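Summary of the model geometry
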Amino acid sequence: MSEHIVQPKSYYKIFGALMVLTALTVVVAFFDFGALNDIVAMTIAVTKATLVILFFMHVFYSSRLTKTIVVAGFFWLAIMFVMIGSDYLSRGYVPRGITNYVERH
Amino acid sequence: MATRVEDSTLIPAVHDTHANHRVAHHDPHTEDASGHHPALQHHFDNLEQQRDATTLGMWTFLVTEIMFFGGLFMAYTVYRVFNPEAFEAASRVLEIKYGAINTAVLIASSLTMAMAVYFSQIGNRKLLVAFLGLTMILGTAFLGIKAIEYSHKFAHNTYPGAVPFEVDHHVVEEYEREKGRPFPDINRVQMFYVIYYGMTGIHALHMVIGIIALGFLTFYGYRGAYSPEYNSPVELTGLYWHFVDIVWIFLFPLLYLIGRH
């Protein structure tokens, strides 16, 4: 049989790591790192999600085709964030005077 | 040319040793007699190809779920960028203990789900059913804690559309004492709660669907439907359950932890 069976021991380890990271994200939230707070919280969340995807969801042991689909899914999510983000976050970059000038002519 | 099996998942094998059987027996019911595993659907070459195809199909569905929740996370991001202070103040109103306990409950349920998949793979029916049941209990506990949390918020008129929309005055006083400035515009705070109820509500709906699916698995698992050769329903429901866990892994810091420092 070619199916890879993940042993319970590795599941316990992943579970432990996820619990430690959960405690860590709560603790660091009470310290003021300025803009870094969000970056730290998201780094921990992405690490936890990666552990779940690779080991609980067996993607680490899956075929290359499955891995490609998973990566493509998150890649398209990134495209959505970049395109919508670059619209909303750049509003107001153009000085008011210029838009007024364009509207008048 | 020797092709590695894992690379040719969906490509029919060139040297198909079962080709003669298939020509001889068109009726899928006779395939048992010709050496096929009863769990093998007739349109697959072998169990491994069948398993890879079902995993791929499930992941294709999960990619649509990534985009679905992605849109909600995008909405959160846009509103938060335009109302940073209101969002951080609104986040302080949520009680960390409920969010943290629920995160732990959900991660524990992911462990029990993974264990259920393991016991279906080695063909231990008793422990498969036990761990499926445990996963359902933990999932229900999550929803119970969420219900308590929602009812606390409703008691303080902290829900979108409440007349008037309010938050717990203790949090407001503490905020003003600590920060030395007035609590942000209550309508912008309300916008945080529109997104909070939208995202946690849809997440909870996914949990309910997952628990129902686990109910079916427990029933069929008890009747002995799953074996080391055939356990795709358990594996695929596991993928769904872990995905719902991942959504919460992002919701917890973004909703509960942003205004604490």
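Residues numbered from 1 in each chain as written. Chains lettered and ligands numbered in written order. Predicted model: local features only at pLDDT ≥ 70, side-chain atom pairs only at ≥ 80, totals over all residues. Heavy atoms only, no water.

This part covers the overall build of chain A. Scanning chain A for helices and strands turns up 4 helices and 0 strands. Moving toward the C terminus, one meets the helices and strands of chain A in the order α-α-α-α. Looking at chain A as a whole, 32% of its 105 residues qualify as buried. Within chain A, counting contacts between residues at least 6 apart in sequence, those at least 24 apart form 53% of the total. Split by element, the accessible area of chain A, about 6,700 Å² in all, is 73% carbon and sulfur. (Helix = DSSP H or I, 4+ residues; strand = E, 2+ residues; numbered from the N terminus. Buried < 20%, exposed > 50% of the residue type's maximum accessible area, 1.4 Å probe, protein only. Contact = heavy atoms within 4.5 Å. Areas by Shrake-Rupley, 256 points an atom, 1.4 Å probe, with all protein chains shown as cover.)

Right, let's get into the interface of chain A and chain B. The interface of chain A with chain B comprises 50 residues on the first partner and 55 residues on the second. Buried area between chain A and chain B, both sides added, is near 4,500 Å², and the carbon and sulfur share of it is 77%. In this assembly, chain A and chain B are joined by 1 salt bridge. In this structure, B:Arg80 and A:Asp38 form a salt bridge, with 2.8 Å as the shortest nitrogen-oxygen distance. Counting only elements with at least two residues in the side of chain A that touches chain B, the list comes to helix H1 (8-29), helix H2 (36-56) and helix H3 (64-88) of chain A. (Buried area = accessible area lost by both parts, 1.4 Å probe. Salt bridge = Lys/Arg side-chain N within 4 Å of Asp/Glu carboxyl O.)

Attention now moves to the environment of B:Ile202. Residues and elements named next belong to chain B. You can see Ile-202 is positioned in helix H7 (residues 186-222). Residue classification places Ile-202 among the partly exposed positions, given a relative accessible area of 24%. Placed 130 residues apart in sequence, Ile-202 and Leu-72 show a C-alpha to C-alpha distance of 9.9 Å.

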